[in-house]
Amino acid sequence: MVTRRGFLTGLALTPVVYAAGCSVRTSSAPAAVAGTRALPIPPLAPSTLGADGVRRFALRAQTGNTEMLRGSSTPTWGYSGSVLGPTVRARRGEQVEFTVTNGLPEATSVHWHGMHLPAKFDGGPHQMIAPGATWTPRWTVQQQAATLWYHPHPHGATEKHVQRGLSGFFLIDDEDADALALPKDYGVDDIPLVIQDRRFTAEGSIDESDPTDIGLLGDTIVTNGIAGAHLTVTTERVRLRILNGSSGRLYNLALADGRTFHLVGTDGGLLPKPVALEQLQLSPGERAELVVAMSPGELLKLRSLPITDRDGIDRPTEFGFDDTFDILDLRAADTLRPAAALPATLVPMTALTAASTPATRSFDLQWFMINNQRMDMNRIDLTVPVDTTEVWSVRNKDNWPHNFHVHDVQFQVLTVDGKPPPPALSGWKDTVYTSSGTTYTLAMRFADHTDPTYPYMYHCHLLHHEDQGMMGQFLVLAPGQRPAPMAMDTGSTHHG
Ligand code: C2O
Ligand code: CU
Ligand code: CU
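On a predicted model such as this, the values are computed, not experimentally measured, just so you know.

A. Quick peek at the overall build of the chain. The helix and strand tally for the chain stands at 4 helices and 33 strands. Relative to a compact globule of 496 residues, whose C-alpha radius of gyration would be 23 Å, the chain shows 21 Å and is just as compact. Each of the three principal axes of the chain carries a C-alpha extent, and together these read 65 × 55 × 50 Å. Taken across its 496 residues, the chain has 58% of its residues classed as buried. Look at the contacts in the chain between residues 6 or more apart in sequence, and 78% of them connect residues 24 or more apart. Put simply, the chain shows about 18000 Å² of open surface, and 53% of that area lies on carbon and sulfur atoms. Seen as two clouds, the 40 positive and the 52 negative side-chain charges of the chain have centres 3 Å apart.

Have a look at this one:
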C-alpha cells in the first residue's frame, strides 16, 4: 500500500527555476516527455466510523505546488494535498458524512459525480462553499460497486477549478464485487488512473489562456497529477480504473501493440460480462475499468490514438482529434504474481423498462445550449415525478463534440440512432458521448430523494461548455408537491 506520506513526498517540490530552452507551447501537438517517474497512487482517504454508524471523512480544498513536470513547480489546487485528492472508499449501505472545508481564495463546491443522493447534498452550483467555510453533506450509499469521482461545480468556473487540480476518486464497494476474481489490491493491481491534458507556460504554471471551442486543450498528458509516468506491474493482470478528468479532450485508448484488453466496468459499475476491445473512446467525465494482461519483463504503453468517430465535426484537428499520446508506461516485473482467469460473468443488470406511457423528453445539444437555452440558476427546466422510469432522447445536432451527463441517476443507453448500443455502452452510464448528428435514448429511474427546492443538473461535461451554460436543472417531486426553488443571486457567476 502506498502511504499518504509517500504520495505527498512524491509530488511536493520546492520551486525550481524552469530550465532555459522551453518556450510557451501554442499548438496542441503532443509534447515529448523525457524519462518517466513512478505513477503516484492517491492515498485512501482516512475515515472514522462513529457509534452512530456514520463513516466520516474530511476534505479540504487548498492551494499548493506540484511537480507535474519533472524539475518544475506548478501552482495547483488539491483536496487535502497539493493536487487531486485522496481516494474515498465506502460500502453500499453505509452512511457517509463529509466535512468539506474551503481553504481556497474563492468559493467552490464538491459534487459527487455518479452518486445517487439527495439533491441538497449533490454539491452542484446551489451548494457553494465560501472561502473558509465548511459544508457537511451526509447520505446513505445506495448503489452498486462503482468507480465514481468528486470535483468542483461552481457555475461558470468549473473548468478552472478542475484544471488547477481539484478531482478525486470515490470508489464504492459491495459484496457482489468482493466475490469476483478481479484484481482488487488498491495501488498494486487495482489502479486508479485519472488522465488529464495540460498546457504549461514557460514558468511551469498551468496555461489557462486560449480555450478552443471545446475548452482548454493541453499538449501534455498528466496521469494522477504528473507528466511522464510509469506503473510497475507485479501481477499477470492489472485493473485500471480510468477517469477522463480532462476539460474537453477525448481519448481513444489502446495498447501500443494493439493487444486486446477487457472492459469490465463503466461509469455506474461492473458490466454483466467482460467485453474484449482493442480501442475505447472516453470523453470528459466518463470512467472505464479495464483489465490488461501482461507478460513478465515486458514494457507496454497505454496510448491514445486519433479519434475515429469524427463524422460531422467541423474542426477535428483544432479539437485534438488527430493527436496521439503515450499515456502511461506499464512495466512488467520479471516475475509476475499469478492472477485468476477473468470471470465469464460479472454483475447482472436488470433492464430498465419505462411505464406504459413513458414521459419521454428531448434534449437538443448545440453550441453552448440545450434546447436552445443556456443555464439559468433561477429556472427549473423540468420536473420529474418520483418513482418513475423515464426515457430521455438526447441529440447532438451540432458540428462540435458534446457529451451528456445526468446527476442523481445512472442510466442505460437503449438506442443509438434507433439501433442497439455498442458493447462499450452496454453498462450503467452517467455520462455518454454524443456523436455529431446522432440521437441516443437513455432510460433512467428516479426512485426517491424528492426535493421541491434543490435541483439536480444535466449538462455537457466538456467543462467549457458547461461553464458557458450548456446545462439545465430538474427537480424530483413527490405526488402533489409543487416546485419551491430558492431565488439565487447569480450576478457574479452567471455567464449569459
Ligand atoms: Cu461531473 Cu455536473 O458533473
Ligand atoms: Cu455529476
Ligand atoms: Cu458540449
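B. Layout of the sheet that holds strand β22 (residues 299–305). Sheet architecture is open: 6 strands sit in the order β1-β15-β23-β22-β17-β20, paired in mixed fashion. What marks the edges here is a single partner per strand, and that holds for β1 (37–38) and β20 (280–282).

C. Molecular detail of the side chain of S73. Of note, S73 is situated in the loop between β3 (54–66) and β4 (74–79). The exposure class assigned to S73 is buried, which follows from its relative accessible area of 10%. Polar side-chain contacts of S73 include one of 3.4 Å to the side chain of N65.

D. Here's a closer look at the coordination of the copper ion (ligand 2). The copper ion (ligand 2) binds to the protein through H111 (NE2) and H405 (NE2); the donor distances cover 1.9 Å. Of the two residues, H111 sits in strand β7 (residues 111–113) while H405 sits in strand β28 (residues 402–406), which places them 294 residues apart along the sequence. A single burial state applies to H111 and to H405, both of which are buried.

E. View of the coordination of the copper ion (ligand 3). Here the copper ion (ligand 3) is held by the protein donor atoms H402 (ND1), C460 (SG) and H465 (ND1), which lie 2.0 to 2.2 Å from it. The sequence pattern formed by the donor residues of the copper ion (ligand 3) is H-x57-C-x4-H. Pair noted here: H402 is in strand β28 and C460 is in the loop between β32 (456–459) and α4 (463–467), with a separation of 58 residues, a long-range link. You can call H402 buried: its relative accessible area is 0%. What makes C460 buried here is its relative accessible area of 1%.

F. Just the environment of A478, in detail. Summarising the element assignment, A478 is placed in the segment after β33 (471–477). You can call A478 partly exposed: its relative accessible area is 23%. In the structure, A478 is positioned 107 residues away from N371 in sequence and 26 Å away in space, judged by C-alpha atoms. Residues within four places of A478 in sequence aside, it is in contact with V386 and T450.

G. Expanded view of the confidence of the model for the chain. For the chain, mean pLDDT is 92; residues scoring 70 or higher make up 90% of the total. Within the chain, strand β10 (residues 146–151) carries the highest mean pLDDT (99), whereas helix α1 (residues 4–11) carries the lowest (36). Confidence drops under a pLDDT of 50 for residues 1–29, and excluding neighbours within four residues, the segment shows 50 contacts in the predicted structure. This model gives residues 491–496 a pLDDT under 50, and the stretch forms 9 contacts once residues within four places in sequence are excluded.

H. Molecular detail of the domain arrangement of the chain. Split by domain assignment, the chain resolves into domain 1 (38–178), domain 2 (190–337) and domain 3 (349–477). For domain 1 versus domain 2, the separation of C-alpha centres amounts to 22 Å. Each side of the interface is counted separately: domain 1 has 34 residues, and domain 2 has 37 residues. Summing both partners gives a buried area of about 3000 Å² for domain 1 against domain 2, and 60% of it is carried by carbon and sulfur. Broken down residue by residue, the surface that domain 1 buries against domain 2 is led by L39, M68 and Q163, which jointly contribute 25%. Across the domain 1-domain 2 interface, the total number found is 1 salt bridge. On the surface where domain 1 and domain 2 come into contact, there are 15 residue pairs in polar contact (both at pLDDT 80 or more).

I. Structural view of the environment of L462. On the secondary structure map, L462 appears in the loop between β32 and α4. Among the residues examined, L462 registers a relative accessible area of 0% and is labelled buried. Taking the C-alpha atoms as reference, L462 lies 20 Å from T324; in sequence the two are 138 residues apart. Setting aside residues no more than four positions away along its own chain, L462 makes contact with I214, S247, G248, P284, P401, H402 and N403.

J. Molecular detail of the packing of aromatic side chains. Counted according to the given criterion, the structure contains 22 aromatic pairs. Ring geometry for F57 versus F98: centroids 4.9 Å apart, planes at 15°, classification stacked. Taken together, the positions of F57 in strand β3 and F98 in strand β6 (residues 95–102) put the pair 41 residues apart, joining distant regions of the chain. Judged by its relative accessible area of 0%, F98 falls in the buried class. In this arrangement the basic side chain of R164 is found over the ring face of W77, its NZ or CZ atom lying 4.7 Å from the centre.

Parameters at a glance
- Residues numbered from 1 in each chain as written.
- Chains lettered and ligands numbered in written order.
- Predicted model: local features only at pLDDT ≥ 70, side-chain atom pairs only at ≥ 80, totals over all residues.
- Heavy atoms only, no water.
- Helix = DSSP H or I, 4+ residues; strand = E, 2+ residues; numbered from the N terminus.
- Rg over C-alpha atoms; globule rule 2.2 N^0.38 Å.
- Buried < 20%, exposed > 50% of the residue type's maximum accessible area, 1.4 Å probe, protein only.
- Contact = heavy atoms within 4.5 Å.
- Areas by Shrake-Rupley, 256 points an atom, 1.4 Å probe, with all protein chains shown as cover.
- Lys, Arg positive; Asp, Glu negative; His and termini not counted.
- Charge placed at Lys NZ, Arg CZ, Asp CG, Glu CD.
- Pairing = 2+ DSSP bridges.
- Polar contact = N/O pair within 3.5 Å; in protein donor to acceptor, adjacent residues only side chain to side chain.
- Donors = N, O, S within 2.8 Å, 3.2 Å for Na, K, Ca; no water.
- pLDDT = per-residue confidence, 0-100.
- Domains from an automatic or database assignment.
- Buried area = accessible area lost by both parts, 1.4 Å probe.
- Salt bridge = Lys/Arg side-chain N within 4 Å of Asp/Glu carboxyl O.
- Phe/Tyr/Trp six-rings, centres within 6.5 Å; stacked < 30°, edge-to-face > 60°.
- Lys NZ or Arg CZ within 6 Å of the ring centre and 35° of its normal.

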